[in-house]
Amino acid sequence: HDHDVITLDFLGYGASDKPNSYEYSVPESADIVEDLVAHLGLKSTQLVIHDYGVMVGQELLDRANRGGLGFAIESLVVLNAGIVYSEYRPTRMQKLLIRPVIGKLLASRVSAARVRAALDALRGPSLTDVEFDDLWLGMSRENGNRLWHLLIKYNAERKIHHRRWEAALVNWSGPVHLVWGLNDPVSGRHVLDRKSTRLNSSHITI
């Protein structure tokens, strides 16, 4: 083979530990990626990032631009995410989850049926039973679905750091490839339309 694929569950997600009453953060997730790359002894990587992982990737790019990253990023593939903050459209549930009291109450009532209905509302074809069961297995492991009010704090971080993260994409000199689902209501075609003015750069291709 000509390459290895390395993937991980961030703290709070999937099969990773899910401490409660914890301050989850994008910079810490970036630290975890750096630690993993160092542990594996890698000198360079090609990053494929999506959704929450895009913010982590942008944080890593910013560190690389500042000369503070412990490994080289050769190329970047970005799937749907809020790379242009002004065009990011969080769902009603996301807006409620980030509110201190209401968010904790909502997270305590997250069920498989509610999550499936919410996901299907964002998609074209509905998830199959097998697809959703696999997804829910990671979401609900160690009661991770009860932590969403803590995990959603990335939206508060996005509000603070979006200018720096957007600049990281523009200022990074390596190739960036955008692979986009245009009908995504949260980060779909409208993000790409705005990208042409906010993130217009010759090294970013669609």
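Residues numbered from 1 in each chain as written. Predicted model: local features only at pLDDT ≥ 70, side-chain atom pairs only at ≥ 80, totals over all residues. Heavy atoms only, no water.

Q: Help me understand the overall build of the protein in this model?
A: The secondary structure content of the protein amounts to 9 helices and 4 strands. Taken from N to C terminus, the helices and strands of the protein fall in the order α-β-α-β-α-α-α-α-α-α-β-α-β. Taking 17 Å as the expected radius of gyration for a compact globule of 206 residues, we find that the protein reaches 17 Å, a close match to that expectation. The C-alpha extent of the protein, read off along each of the three principal axes, is 45 × 40 × 35 Å. Across the 206 residues of the protein, 39% fall into the buried class. A fraction of 76% describes how many contacts in the protein between residues 6 or more apart in sequence connect residues 24 or more apart. Carbon and sulfur atoms make up 53% of the accessible area of the protein, which amounts to about 11,700 Å² in all. (Helix = DSSP H or I, 4+ residues; strand = E, 2+ residues; numbered from the N terminus. Rg over C-alpha atoms; globule rule 2.2 N^0.38 Å. Buried < 20%, exposed > 50% of the residue type's maximum accessible area, 1.4 Å probe, protein only. Contact = heavy atoms within 4.5 Å. Areas by Shrake-Rupley, 256 points an atom, 1.4 Å probe, with all protein chains shown as cover.)

Q: Where do I start with the pairing of strand β1 (residues 44–49) in this structure?
A: Successive side chains on a regular strand alternate, one facing one side of the sheet and the next facing the other. Burial of β1 is one-sided: the residues Thr45, Leu47 and Ile49 facing one way are buried, the residues Ser44, Gln46 and Val48 facing the other way are not. Here 6 bridges tie β1 to strand β2 (residues 72–79), and the two strands are oriented parallel to one another. Bridged to Thr45 within β2 is Ile73. Handedness of the β1-helix α2 (residues 52–65)-β2 crossover: right-handed. (Pairing = 2+ DSSP bridges. Right-handed = clockwise from strand over helix to strand, strands pointing away.)

Q: Even after reading the chapter, I still don't get the sheet that holds strand β3 (residues 176–179), so can you show me in this structure?
A: Backbone hydrogen bonds hold the strands of a sheet together, and the pairing may be parallel or antiparallel. One open sheet accounts for 4 strands, arranged β1-β2-β3-β4; its pairing is parallel. Strand pairing shows two members of the sheet lacking a second neighbour, β1 and β4 (204–205), which therefore form its edges. In the packing of α2 onto the sheet, contacts are made with β1 and β2, and the angle to β2 comes to roughly 150 degrees. (Axes fitted to C-alpha atoms, helices over the stretch in contact; angles between N-to-C directions.)

Q: I keep staring at the side chain of Glu59 and nothing clicks. Help me out?
A: The residue Glu59 is located in helix α2 in this model. The exposure class of Glu59 is buried, given its relative accessible area of 6%. Excluding residues within four positions of it along the chain, Glu59 makes contact with Val26, Pro27, Ala30, Arg164 and Trp165.

Q: Where do I start with the nonpolar core in this structure?
A: Nonpolar side chains in soluble globular proteins tend to be buried together. Leu60, Leu76, Val78 and Ile83 are the most contacted members of the largest nonpolar core, which totals 37 residues. If you list the elements that add at least two residues to this core, you get α1 (26–40), β1, α2, β2, α8 (154–171), β3 and α9 (189–198). Element by element, the count of residues in this core is highest for α2, at 6 residues. With near-sequence residues (within four places) excluded, Val78 lies in contact with Ile49, Val54, Ile83, Val176, His177, Leu178, Val179 and Trp180. Membership of the second largest hydrophobic core comes to 5 residues, among which are Val115, Leu127, Phe132 and Trp136. (Core = buried A, V, L, I, M, F, W, Y, C linked by side-chain atoms within 4.5 Å.)

Q: I would appreciate a short explanation of helix α6 (residues 129–140) in the present structure.
A: Helix length check: α6, at 12 residues, gives a terminal C-alpha distance of 16 Å against a target of 16 Å (1.5 Å per residue), a fit within 8%. Where α6 terminates, the next one or two residues include Glu142, which has phi positive at roughly 50 degrees. (Expected span 1.5 Å × (residues − 1).)

Q: I'm lost on the side chain of Asn145 in this one. Help?
A: Relative to the assigned elements, Asn145 resides in the loop between α6 and α7 (148–151). Using a relative accessible area of 4% as the deciding quantity, one classes Asn145 as buried. Of the polar contacts made by the side chain of Asn145, one reaches the backbone oxygen of Val110; its length is 3.3 Å. Not counting chain neighbours up to four residues away, the residues in contact with Asn145 comprise Ala107, Val110, Trp136, Met139 and Ser140. (Polar contact = N/O pair within 3.5 Å; in protein donor to acceptor, adjacent residues only side chain to side chain.)

Q: Sorry if this is basic, but what is going on with the packing of α2 against α8 here?
A: Helix packing geometry: the angle between the two helix axes and the distance between the axes. Closest axis-to-axis distance for the α2/α8 pair is 8 Å, and the angle between their directions is 50 degrees. Overall, the two elements α2 and α8 adopt an arrangement that is oblique. Where α2 crosses over α8, the two elements pack in a sense that is left-handed. Of the residues in α8, those touching α2 at Tyr52, Met55, Gln58, Glu59, Leu61, Asp62 and Asn65 are Tyr154, Arg158, Arg164, Trp165, Glu166, Ala168, Leu169 and Asn171. Looking at the contact of α2 with α8 residue by residue, the class counts come to 7 nonpolar, 3 polar and 5 charged. (Parallel < 35°, antiparallel > 145°, perpendicular 65-115°, else oblique. Left-handed = near helix turned anticlockwise from the far one by under 90°. Nonpolar A, V, L, I, M, F, W, Y, C, P; charged D, E, K, R; others polar.)

Q: How do you make sense of the environment of Asp184 when you look at a structure like this?
A: Tracing the backbone through its elements, the reader meets Asp184 in the loop between β3 and α9. Look at Asp184 and you get partly exposed, because its relative accessible area is 24%. Considered as a pair, Asp184 and Asn80 are 104 residues apart in the sequence and their alpha carbons are 7.8 Å apart.

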